[in-house]
Amino acid sequence: MKNIVLFGFMGTGKTSVGKKLAGELGMQFVDMDHLIEEREGRSINDIFASDGEPYFRNLERGLVRELSQREGLVIGTGGGVVLNRDNISDFAATGLCVCLNAGPEEILQRLEHDGSRPLLAEGDKLQKIKDILGTRAALYANVPEQVDTNGMSVDEVAARIKEMV
């Protein structure tokens, strides 16, 4: 079976929906950020702090190349995977690419108590979410399929994606 690749901003449900889909479809779930942390032996925050975002994006690009060669995966991408259009192209060649979307206020509510997001580490979180979403909106729009997750449960989002398979 081809892969199902979930794109979207942090807090849109990539991990929770991905795990649900994988379980229901008998596929393996891969969280790209978690896999990078395992391989590097440190957190995403530490990678950003020590080596910077370009180093992290290079790790991410290599993992996209690797995972796009496999089958039977539900892949939860990192929120910034869309920064490199080749990532979307590589995944689209071997799977269903779905972007999960949510409004800034909903994202803030979902991430309010999550301290593991380096891009939201300091300052006004809602404004940062709006700013980053604004710069990435056109990039997320490049993902072939779109699902608005505002007000939807994990089960509802998973059911919507299963209709696309």
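Residues numbered from 1 in each chain as written. Predicted model: local features only at pLDDT ≥ 70, side-chain atom pairs only at ≥ 80, totals over all residues. Heavy atoms only, no water.

A. The arrangement of the packing of helix α5 (residues 104-111) against helix α6 (residues 125-140) in detail. Two numbers describe how α5 lies on α6: the axes approach to 9 Å, and their chain directions differ by 125°. With respect to α6, the axis of α5 lies oblique. α6 is crossed by α5, and the crossing has right-handed handedness. When α5 is examined against α6, the residues Pro104, Glu105, Ile107 and Leu108 are found in contact with a partner set consisting of Lys125, Leu126, Ile129, Lys130 and Leu133. Looking at the contact of α5 with α6, its residues break down into six nonpolar, no polar and three charged. (Axes fitted to C-alpha atoms, helices over the stretch in contact; angles between N-to-C directions. Helix = DSSP H or I, 4+ residues; strand = E, 2+ residues; numbered from the N terminus. Parallel < 35°, antiparallel > 145°, perpendicular 65-115°, else oblique. Left-handed = near helix turned anticlockwise from the far one by under 90°. Contact = heavy atoms within 4.5 Å. Nonpolar A, V, L, I, M, F, W, Y, C, P; charged D, E, K, R; others polar.)

B. Fine view of the sheet that holds strand β3 (residues 73-76). Sheet architecture is open: five strands sit in the order β2-β3-β1-β4-β5, paired in parallel fashion. Every interior strand has two partners, whereas the edge strands, β2 (28-31) and β5 (145-148), have only one. On average, adjacent strands in this sheet sit at an angle of 20° to one another, irrespective of strand direction. Note: β2 against β3, four bridges, orientation parallel. Bridge pairing in β3 links Phe29 to Val74. (Pairing = 2+ DSSP bridges.)

C. Inspection of the nonpolar core at higher detail. Formed by 32 residues in total, the largest nonpolar core has its most connected members in Phe7, Phe9, Met32, Leu67 and Phe91. Counting only elements with at least two residues in this core, the list comes to β1 (3-8), α2 (32-40), α3 (44-67), β3, α4 (85-94), β4 (95-101), α5 and α6. In terms of residue count, the dominant contributor to this core is α3 (seven residues). Those residues within four positions of Met32 in sequence are excluded, and the remaining contacts are Glu60, Leu63, Val64, Leu67, Ile75, Gly76, Thr77, Gly78, Val81 and Phe91. Leu6, Met27, Met152 and Ile161 belong to the second largest nonpolar core, which has 16 residues in total. (Core = buried A, V, L, I, M, F, W, Y, C linked by side-chain atoms within 4.5 Å. Buried < 20%, exposed > 50% of the residue type's maximum accessible area, 1.4 Å probe, protein only.)

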